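What follows is the residue order along each chain.
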Amino acid sequence: MKAKCQRTGKEIETKDGFFVSPGRSGDWEFISIDAPSKNDYNIAVEDLVKSPESLIDWLAHLSEKSWFSSEKFFDFMYKFRAENRLYNML
């Protein structure tokens, strides 16, 4: 599957991208490795979804961050899924 980098506009393999929170704002973007940095907190997509245990660990880790907003995170995921037609991938 491919998705569009939100900073460069290039389509890349989803597994090669990163979910980032610019400046630990609580907002999220999907970017490619060559996208310009904005002092991001980043999670490689491959690290996030390499196993069920990894996903659980990452979500628990994020919840410990004072800047993390689950509402913003899941709002981003909902929009990212819609923009990239990632429905029914389960």
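As a convention, each chain's residues are numbered from 1 in the sequence order in which they are written. Owing to the predicted nature of the model, reporting of local features is limited to residues with pLDDT of at least 70; listing and counting of side-chain atom pairs is limited to 80 or more, with chain, interface and lining totals taken over all residues. Side-chain measures here rest on the full set of heavy atoms in the structure, leaving out hydrogens and waters.

### Details of the pairing of strand 5 (residues 40-44)
At step 1: The buried label goes to any residue with under 20% of its type's maximum accessible area, the exposed label to any with over 50%, and the partly exposed label to all in between, with areas taken from a 1.4 Å probe on protein chains only. Numbering goes from the N terminus for both helices and strands, where a helix is a DSSP run of H or I of at least four residues and a strand is a run of E of at least two. For strand 5, the buried fraction is high: four of the five residues fall into the buried class.
At step 2: What makes two strands pair is DSSP finding at least two bridges between them. Relative to strand 5, strand 3 (residues 18-22) runs antiparallel, the two being bridged by five bridges. Pairing of F19 across the sheet is with I43, part of strand 5.

### Some remarks on the nonpolar core
At step 1: Residues F19, W28, F30, L62, F76 and F80 are the most contacted members of the largest nonpolar core, which totals 17 residues.
At step 2: Mapped by element, the contributors of at least two residues to this core are strand 5, helix 1 (45-49) and helix 3 (70-83).
At step 3: Residue contributions to this core peak at four residues, all from helix 3.
At step 4: Throughout, a residue-residue contact means that at least one pair of heavy atoms, one from each residue, lies within 4.5 Å. Every residue in contact with F80, bar those within four places of it in the chain, is listed here: A3, F19, F30 and L86. Residues belong to one nonpolar core when they are buried, are Ala, Val, Leu, Ile, Met, Phe, Trp, Tyr or Cys, and are joined through side-chain atoms within 4.5 Å.

### Observations concerning helix 3
At step 1: A helix's residues, less one, multiplied by 1.5 Å, set its expected span. For helix 3, which comprises 14 residues, the first-to-last C-alpha distance of 20 Å matches the rise-based estimate of 20 Å (1.5 Å per residue) to within 8%.
At step 2: Of the positions making up helix 3, those classed as buried are F73, F76, M77 and F80. The buried residues of helix 3 occupy one face: seen down the axis, they fall within an arc of 100°. In helix 3, the exposed positions that point more than 90 degrees away from the buried face belong to E71 and Y78. As used here, the arc belongs to the directions running from the helix axis to the C-beta atoms.

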